[in-house]
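If you want the building blocks of each chain, they are given just below.
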Number of protein chains: 2
Amino acid sequence: MPTMDINVYSVFLDRLADAAAKETLPHFRTELDIADKPGKDRFDPVTIADKNAERAIRALIEAHYPDHGILGEEYGEKPGTGDLRWVIDPIDGTQAFVAGLTSWATLIALGDEDGPFMGIADQPYLQERYSGRPEGAFLGNTPIRTRACRKLENAILSTTGPDWFTDQELIKFERVRKQARFTRYGYDCYAYCLLASGHLDLVIEAGLESYDIQALIPIIRGAGGVISTWDGGDPSDGGRIVAAATPALHEAAMALLT
Amino acid sequence: MPTMDINVYSVFLDRLADAAAKETLPHFRTELDIADKPGKDRFDPVTIADKNAERAIRALIEAHYPDHGILGEEYGEKPGTGDLRWVIDPIDGTQAFVAGLTSWATLIALGDEDGPFMGIADQPYLQERYSGRPEGAFLGNTPIRTRACRKLENAILSTTGPDWFTDQELIKFERVRKQARFTRYGYDCYAYCLLASGHLDLVIEAGLESYDIQALIPIIRGAGGVISTWDGGDPSDGGRIVAAATPALHEAAMALLT
């Protein structure tokens, strides 16, 4: 991907995030109609804010890049005619959104057959916009880096909640938790942003969808972190994910997760 | 307590919170020296921000109300000569603070022999200041109310993390969790603020100290909520705490916790 194209897409990603924020923020901390999406064990809410934000994002992409593919949480897959595909979660952390908590974000990735190479995680209530591209990761316009944490005993660990693991997964997670410095629960996609910006050191989750993680991959990698599935595979399809501040910490966590 | 005194103390509480914010915010999301406090099972960090914030609060109280008692997390108890006592947690949620998360707050309560009658929970990074006094609860200057949630099946439940419960406590918590609409982890004192402002419905915790909870009691009650120990007792000394949006929801939760 030529640098000029990256710059153009970077500006466009900001525009997509702005459009989504216009649909999400007015509904945050207001009374919402909340529907439970079928087919999952846990309560999986969707609101008018999720739907309208994804529609706004898709409309802009379709107007400017009609040949690109689109995958979105709420409106599914639209195949493209070329290599490029946008992957959208209009509100990652809808549970947090409806509970008035600030750990939700709008996630948008742009990728090709090798996976996502650019991504944005926008938290408009906090006015924090995290982005990743091949040459780095940024909070707003400021470059961000992961922390130089190499040992589990020094690591601040995060996961959304123990209920998101199967029993077998929880046993493995607990092995890591017992060695980590301390563990914080509940931060959804925002935990990955804080990992990229050098506050947390390790995020371990399971049961993720591709749209939950794709935008975060270029952010983690651009900031110097490592992200993969628990067995070291490509994280682009979601599933069980481990993200770490350094390669050494990633290795140490993987050794307990596999 | 005459209304005029309440108004005077209310202005003074704002001043205390302003003084604390000057000591906490400059250290938030910076590299910090973190000490682990002895005597607890879990990692219990303390930073220069905790210490300086409590010192700033204590200095103002001692200058203006030298006869009042003070209890603070970092510097302990100073007995007063009258009925009134300030209870301070300069940074509730220090783990969150050092991890760059926004669920910490400065908690300050003012009480007498009947317990706290005024309290403030200040989150300066989010610029959200929650306060409670006999006639109501406020976010900034705006009155707040709990939501009219009466049934567990409709309730959004929150707790800081499962590791904070003993095994026996966790069994009881799980009874409630399985009936609640959904559960969010990780929000420390901020969960009580969101309960008071009508976003969450139920907070259940254990192992709290008096300085963790006293400031939140007037906020919850001023907003129309109910707060007690798990067996319905006075929550002022901390321990196992249940806070609910309505009396009916509080009863329903207590029935599963005792």
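Analysis parameters
Residues numbered from 1 in each chain as written. Chains lettered and ligands numbered in written order. Predicted model: local features only at pLDDT ≥ 70, side-chain atom pairs only at ≥ 80, totals over all residues. Heavy atoms only, no water. Axes fitted to C-alpha atoms, helices over the stretch in contact; angles between N-to-C directions. Helix = DSSP H or I, 4+ residues; strand = E, 2+ residues; numbered from the N terminus. Parallel < 35°, antiparallel > 145°, perpendicular 65-115°, else oblique. Left-handed = near helix turned anticlockwise from the far one by under 90°. Contact = heavy atoms within 4.5 Å. Nonpolar A, V, L, I, M, F, W, Y, C, P; charged D, E, K, R; others polar. Domains from an automatic or database assignment. Buried area = accessible area lost by both parts, 1.4 Å probe. Salt bridge = Lys/Arg side-chain N within 4 Å of Asp/Glu carboxyl O. Polar contact = N/O pair within 3.5 Å; in protein donor to acceptor, adjacent residues only side chain to side chain. Buried < 20%, exposed > 50% of the residue type's maximum accessible area, 1.4 Å probe, protein only. pLDDT = per-residue confidence, 0-100. Least-squares fit on C-alpha atoms with pLDDT ≥ 70 in both. Core = buried A, V, L, I, M, F, W, Y, C linked by side-chain atoms within 4.5 Å. Pairing = 2+ DSSP bridges.

Novice: Would you mind going over the packing of helix H1 (residues 3–24) of chain A against helix H2 (residues 48–64) of chain A with me for this structure?
Specialist: Each pair of packed helices can be described by the angle between their axes along with the distance between the axes. Residue and element names in this part refer to chain A. Contact geometry of H1 with H2 gives a least axis separation of 8 Å together with a crossing angle of 150°. Between H1 and H2, the angle falls in the class roughly antiparallel. Taken as a pair, H1 and H2 cross one another with a handedness that is right-handed. Between H1, through Phe12, Arg15, Leu16, Ala19, Ala20, Glu23 and Thr24, and H2, the contact on the second element is made entirely by Ala49, Asn52, Ala53, Ala56, Ile57, Leu60, Ile61 and His64. By residue class, the composition of the contact of H1 with H2 is 10 nonpolar, 3 polar and 2 charged.

Novice: Would you mind showing me how to read the domain arrangement of chain A here?
Specialist: Bring the parts together and some accessible area is lost; that lost area is often taken as the interface size. Residue and element names in this part refer to chain A. Along its sequence, chain A is organised into domain 1 (3–143) and domain 2 (152–257). In this structure, domain 1 and domain 2 have C-alpha centres spaced 21 Å apart. The contact between domain 1 and domain 2 buries some 2,100 Å² in all, and 65% of this surface belongs to carbon and sulfur atoms. In this structure, the connection of domain 1 to domain 2 is made through 0 salt bridges. Scanning the region where domain 1 abuts domain 2 turns up 4 residue pairs in polar contact (both at pLDDT 80 or more). Elements represented by at least two residues in the side of domain 1 that touches domain 2 include exactly strand S5 (85–92), helix H3 (94–98), strand S6 (105–112), strand S7 (115–123), strand S8 (128–133) and strand S9 (136–139). Broken down by element, the side of domain 1 that touches domain 2 gets its largest block of residues, 7 residues, from S7. Of the residues contributing to the side of domain 1 that touches domain 2, the split by class is 17 nonpolar, 8 polar and 8 charged.

Novice: Could you clarify how one ought to interpret the pattern of salt bridges in this entry?
Specialist: Close approach of charged atoms allows side chains of opposite charge to pair. Applying the stated criterion across every chain yields a total of 24 salt bridges over all chains. Of the charged contacts in the structure, one is a salt bridge between Arg184(A) and Asp188(B), with a shortest N-O distance of 2.5 Å. Remark: Asp188(B) occurs in the loop between strand S12 (182–185) and helix H5 (190–196) and Arg184(A) occurs in strand S12 (residues 182–185); the pair is interchain, linking two chains. Using a relative accessible area of 1% as the deciding quantity, one classes Arg184(A) as buried. Given the relative accessible area of 8%, Asp188(B) is considered buried. Here the salt bridges do not stand alone but share partners, grouping Asp14(A), Asp18(A), Asp122(A) and Arg129(A) into one network.

Novice: What is the right way to read the side chain of Arg129(B) from this model?
Specialist: All names here are of chain B. Residue position: Arg129 is located in strand S8 (residues 128–133). Among the polar contacts made by the side chain of Arg129, one reaches the side chain of Asp14 at a distance of 3.1 Å. Polar side-chain contacts of Arg129 include one of 2.9 Å to the side chain of Asp122. When residues no more than four places from it in sequence are discounted, the contact partners of Arg129 are Asp14, Ala17, Asp18, Ile120, Ala121, Asp122, Phe138, Leu139 and Gly140.

Novice: Even after reading the chapter, I still don't get the interface of chain B and chain A, so can you show me in this structure?
Specialist: Across the boundary between the two partners, chain B contributes 35 residues, which contact 35 residues of chain A. On the chain B side of the contact with chain A, Leu101(B), Arg184(B) and Tyr185(B) bury the most area, a combined 20% of that side's loss. Here chain B is connected to chain A by 6 salt bridges. As a salt-bridge pair, Arg177(A) and Asp163(B) come within 3.1 Å of each other at their nearest N and O atoms. Taken together, chain B and chain A are joined by 20 residue pairs in polar contact (both at pLDDT 80 or more). Looking at the side of chain B that touches chain A, the elements that each hand over two or more residues are helix H3 (94–98), S8, S12 and H5 of chain B.

Novice: Would you take a moment to explain the packing of helix H4 (residues 167–179) of chain B against helix H8 (residues 247–257) of chain B for this structure?
Specialist: Residues and elements named next belong to chain B. Their axes nearest at 8 Å, the elements H4 and H8 cross at an angle of 135°. In terms of orientation, H4 and H8 fall into the oblique class. Contacts between H4 and H8 involve Lys172, Phe173, Arg175, Val176 and Gln179 on the former and, on the latter, Ala253, Leu256 and Leu257. Residues of the contact of H4 with H8, tallied by class, amount to 5 nonpolar, 1 polar and 2 charged.

Novice: So what exactly am I meant to see when it comes to the confidence of the model for chain A here?
Specialist: Regions with low pLDDT carry predicted coordinates that are not meant to be interpreted in detail. Confidence along chain A averages 93 in pLDDT terms, with 95% of residues attaining 70 or more. Both scores are given for the predicted complex: the pTM is 0.90, the ipTM 0.84.

Novice: In this structure, what is going on with the relation of the copies chain B and chain A? I would like to understand it.
Specialist: Put simply, the two copies of the chain differ by a rotation about an axis and a shift along that axis. The operation relating chain B to chain A is a screw motion whose rotation component is 180°, with 0.0 Å of axial translation and a residual RMSD of 0.0 Å. Taken together, the rotation and translation relating the two chain copies correspond to the operation of a two-fold axis.

Novice: Hey, could you run me through the nonpolar core in this one?
Specialist: Soluble, globular proteins show a tendency: their nonpolar side chains are buried together. Of all hydrophobic cores here, the largest spans 90 residues; its most connected members are Tyr192(A), Leu216(A), Tyr192(B) and Leu216(B). Non-local contacts of Tyr192(A), meaning those with residues more than four positions away in its chain, are made with Val203(A), Glu205(A), Leu208(A), Ile213(A), Leu216(A), Ile220(A), Ile227(A), Ile241(A) and Ala243(A).

Novice: For this particular structure, what's the right way to read the pairing of strand S7 (residues 115–123) of chain B?
Specialist: Within a regular strand, side chains alternate between the sheet's two faces. Residues and elements named next belong to chain B. Extensive coverage of S7 is indicated by the burial of 9 of its 9 residues. Bridge analysis of strand S6 (residues 105–112) against S7 gives 7 bridges, and the strand direction is antiparallel. Residue pairing across strands places Leu110 opposite Met118, the latter belonging to S7. The antiparallel pairing of S6 with S7 creates a hairpin that spans 2 residues between the two strands. Taken together, the 5 bridges between S7 and S8 define a ladder with antiparallel strand orientation. By the bridge assignment for S8, Gln123 is matched with Glu128. Turn length for the S7-S8 hairpin, with the two strands adjacent in sequence and antiparallel, is 4 residues, and the turn residue Gln127 shows positive phi of about 55°.

Novice: Sorry if this is basic, but what is going on with the sheet that holds strand S14 (residues 226–229) of chain B here?
Specialist: What links the strands of a sheet is backbone hydrogen bonding, and the strands pair in either a parallel or an antiparallel sense. All names here are of chain B. Pairing within the open sheet is mixed, and its 5 strands lie in the order S12-S11-S13-S15-S14. The sheet is open, and its two borders are formed by S12 and S14, each paired with just one other strand. Ignoring which end each strand starts from, the neighbouring axes of this sheet average 20° apart. Sheet analysis places strand S11 (residues 156–159) next to strand S13 (residues 202–208), joined by 2 bridges and oriented parallel. By the bridge assignment, Leu157 is partnered in S13 with Leu202.

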